[in-house]
Amino acid sequence: MPSDYVYHSNFWFEEPEDSNPFAAKASYCHGYDVYGQVIARASWFEYLLLMFKGDRPQPAEAALLEKLAMILANQGPKEASIRAAMNGGVAGTNHSSALMSSLAVGSGLYGGSQELEICIRLWGECGQDIELWKSRLQAPQEDERADIWPAIEHPPGFDPNGDDMPTTLRQSLDLLVQFAPEAGALHWLESHRNALEAFFGYPISISAVAAAAFVDLGLDQDQGSMLYLILRLPGAAVHALEQRKMGWKKFPFYSSAIELEDDPGPYKKRDGEGN
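Residues numbered from 1 in each chain as written. Predicted model: local features only at pLDDT ≥ 70, side-chain atom pairs only at ≥ 80, totals over all residues. Heavy atoms only, no water.

(A) Here's a closer look at the packing of aromatic side chains. The full count for this structure, using the stated rule, is 7 aromatic pairs. Between the aromatic rings of F13 and Y28, the centroid separation amounts to 6.2 Å while the plane-to-plane angle is 35°, which identifies the pairing as tilted. With F13 in strand β1 (residues 12-17) and Y28 in strand β2 (residues 20-29), this residue pair connects regions lying 15 residues apart in the sequence. Here a set of aromatic residues connected by ring pairs shows up, and it is made of W123, W133 and W188. Its guanidinium or amino end placed over the ring of Y228, R232 lies 4.2 Å from that ring's centre, counting from NZ or CZ. (Phe/Tyr/Trp six-rings, centres within 6.5 Å; stacked < 30°, edge-to-face > 60°. Helix = DSSP H or I, 4+ residues; strand = E, 2+ residues; numbered from the N terminus. Lys NZ or Arg CZ within 6 Å of the ring centre and 35° of its normal.)

Here is the structure:
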């Protein structure tokens, strides 16, 4: 076969069928026989980590990713990327459009994958130095592409519209640390959460928790971003399907229930909060 028709991959190898070079007789992921070994013996999350990292994961790593996937699976209809999929569902658009809407909204700087990327990158810069975190979180995008992403308007990993960490997110963090390495990012985040929240005047968000989990799993910002987008799609899909059946008469319109206040500017703390 001419070299122009050869696919190049560092992690995936296929043996073609004798009768059809476009069909695989055997497939190997980082050297493991996918259909002869991996699918028969491994879990879904072990396979995911094998694909992304290249090494056979430890049981605790697969368990951590599984619990994180369950936490991210459905953040509820008020979450922006799920609401985008619901918009597609109620409009009767095709399923791929609903999911693409969710991915587009879920890739942004407010709870999206771009915010998550910044958080993971900052873990590489700040480690477990809380004073460095305080400093860098106030200027997180010095090297970001301004022509692609606007400047983030809040400390990444925090919810600028929240007063307290939601109970469900607190439960999620408490659960994830049980599967995380003791000296890792999740344990550090749990120990220093109160100090960081007091300094910035905002509660931490799901993007901070997910970023710490991906760091503990040894994933970089690009790998974490991809998984963050993928793992949130189940909730988007189910809410889009449900809204499609319910129709526009049962679609949530907030109308006058939302009141906008004067923009205090990024990072301005509420009176009496923070330092």
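Here the narrative resumes.
(B) Representation of the pairing of β2 in the model. One ladder, built from 6 bridges, connects β1 with β2; its direction is antiparallel. Within the sheet, the bridge partner assigned to E17 lies in β2 and is N20. Between β1 and β2, which follow one another and run antiparallel, lie 2 residues. Examined bridge by bridge, β2 and strand β3 (residues 32-33) share 2 bridges and lie antiparallel to one another. (Pairing = 2+ DSSP bridges.)

(C) Quick peek at unusual backbone geometry. One non-glycine residue, H30, adopts positive backbone phi at about 50°. By secondary structure assignment, the location of H30 is in the loop between β2 and β3. Judged by its relative accessible area of 29%, H30 falls in the partly exposed class. (Buried < 20%, exposed > 50% of the residue type's maximum accessible area, 1.4 Å probe, protein only.)

(D) Structural detail: the sheet that holds β3. The antiparallel open sheet is built from 3 strands, whose spatial order is β1-β2-β3. Since the sheet does not close on itself, it has two edges, and those belong to β1 and β3, each with one partner.

(E) How the structure looks around the packing of helix α6 (residues 113-126) against helix α11 (residues 221-231). At their nearest, the axes of α6 and α11 sit 9 Å apart, and the two run at 145° to each other. For the pair α6 and α11, the crossing hand works out as right-handed. Note on element contacts: α11 touches α6 through Q221, D222, G224, S225, Y228 and L229, opposite S113, L116, E117, I120 and R121. Its residues assigned to classes, the contact of α6 with α11 shows 4 nonpolar, 4 polar and 3 charged. (Axes fitted to C-alpha atoms, helices over the stretch in contact; angles between N-to-C directions. Left-handed = near helix turned anticlockwise from the far one by under 90°. Contact = heavy atoms within 4.5 Å. Nonpolar A, V, L, I, M, F, W, Y, C, P; charged D, E, K, R; others polar.)

(F) Representation of the pattern of salt bridges. Applying the stated rule across the entire model yields 6 salt bridges. Salt-bridge contacts for E125 lead to R136; the nearest nitrogen and oxygen are separated by 2.9 Å. Here R136 lies in helix α7 (residues 130-137) and E125 lies in helix α6, a separation of 11 residues in the sequence. Notably, a salt bridge pairs E197 with R193, separated by 3.0 Å at the nearest N-O pair. Of this pair, E197 and R193 both sit in helix α9 (residues 185-200), 4 residues apart, which is roughly one turn of the helix. Each of the two residues, E197 as well as R193, counts as buried. Members of the salt-bridge network, linked through shared partners, are R121, E125 and R136. (Salt bridge = Lys/Arg side-chain N within 4 Å of Asp/Glu carboxyl O.)

(G) Highlighting the nonpolar core. Ranked by internal contacts, the top residues of the largest apolar core, which has 50 residues, are L65, W133, L173, L186, I204, V209 and F214. Mapped onto this core, the elements with two or more residues apiece are α2 (44-53), α3 (59-72), α6, α7, α8 (167-176), α9, α10 (206-216) and α11. (Core = buried A, V, L, I, M, F, W, Y, C linked by side-chain atoms within 4.5 Å.)

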